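Structure assessment
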Amino acid sequence: MDRTPRVSCGGCSFRWFSATSSHGLRIVGSCPRCGGDLEFLVAASQDADDAAQRDRELGYDVAPATVLGVPLGWDR
Ligand SMILES: [Zn+2]
């Protein structure tokens, strides 16, 4: 496992190490622990590529509807 942080919080100094966390924190936009500003240490495109690669390795690239079928709705 790579122990180089990908994101660091300027408020509480917490650090995140996974591409998935970094990708999600870009969407959230601030530290979920203290609300502080985040410093991203890896390019966004690299985070997205690494997160997608990790999803493929874990078999998460299959949409639920592919396996379970298309949802029929809530009125059943
Ligand atoms: Zn923080």
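Here is a short report on the structure shown in this document. (Residues numbered from 1 in each chain as written. Predicted model: local features only at pLDDT ≥ 70, side-chain atom pairs only at ≥ 80, totals over all residues.)

Points about the overall build of the protein chain
Scanning the protein chain for helices and strands turns up three helices and three strands. Going from the N terminus to the C terminus, the protein chain shows its helices and strands as β-β-α-β-α-α. Along the longest, intermediate and shortest principal axes, the C-alpha atoms of the protein chain span 50 × 30 × 20 Å. The buried share among the 76 residues of the protein chain stands at 13%. Looking at the protein chain alone, contacts between residues at least 24 apart form 47% of all its contacts between residues at least 6 apart. (Helix = DSSP H or I, 4+ residues; strand = E, 2+ residues; numbered from the N terminus. Buried ≥ 20, exposed ≤ 12 C-beta atoms within 10 Å, placed from the backbone. Contact = placed C-beta atoms within 7 Å.)

Side note on the environment of Asp61
Locating Asp61 in the fold gives a position in the loop between helix H2 (44–58) and helix H3 (64–68). Residue contacts for Asp61: discarding those within four places in its chain leaves Asp55 and Arg56.

Quick word on the sheet that holds strand S1 (residues 7–9)
Across a sheet, paired strands are connected by hydrogen bonds in the backbone, their directions being either parallel or antiparallel. Judged by pairing direction, the sheet is antiparallel, and its three strands sit side by side in the order S2-S1-S3 without closing on themselves. Edge strands, defined here as strands with exactly one partner in the open sheet, are strand S2 (15–16) and strand S3 (38–40). Where S1 lies against S2, two bridges are found, and the strand directions are antiparallel. Among the inter-strand pairings, Ser8 is bridged to a residue of S2, identified as Arg15. (Pairing = 2+ DSSP bridges.)

Section: the packing of helix H1 (residues 19–28) against H2
Packing of H1 against H2 leaves a shortest axis separation of 8 Å and a crossing angle of 130°. In this view, H1 runs oblique relative to H2, as classed from their interaxial angle. As H1 packs across H2, the resulting crossing turns out to be left-handed. Between H1 and H2, the contacting residues are Ala19, Thr20, Ser22, His23 and Arg26 on the first element and Ala44, Asp47, Ala48, Asp50, Ala51 and Arg54 on the second. Here the contact of H1 with H2 is built from residues that sort into four nonpolar, three polar and four charged. (Axes fitted to C-alpha atoms, helices over the stretch in contact; angles between N-to-C directions. Parallel < 35°, antiparallel > 145°, perpendicular 65-115°, else oblique. Left-handed = near helix turned anticlockwise from the far one by under 90°. Nonpolar A, V, L, I, M, F, W, Y, C, P; charged D, E, K, R; others polar.)

Observations concerning the nonpolar core
Soluble, globular proteins show a tendency: their nonpolar side chains are buried together. Grouped together as the largest cluster of nonpolar side chains are five residues: Val7, Cys9, Trp16, Cys31 and Leu38. When residues no more than four places from it in sequence are discounted, the contact partners of Trp16 are Pro5, Arg6, Val7, Ser21, Ser22 and Leu25. (Core = buried A, V, L, I, M, F, W, Y, C linked by C-beta atoms within 7 Å.)

Considering the environment of Asp47
Relative to the assigned elements, Asp47 resides in helix H2. Along the sequence, Asp47 and Ala19 sit 28 residues apart, while their C-alpha atoms lie 4.9 Å from each other. Other than its neighbours up to four places away in sequence, Asp47 contacts Arg6, Ala19, Ser22, His23 and Val42.

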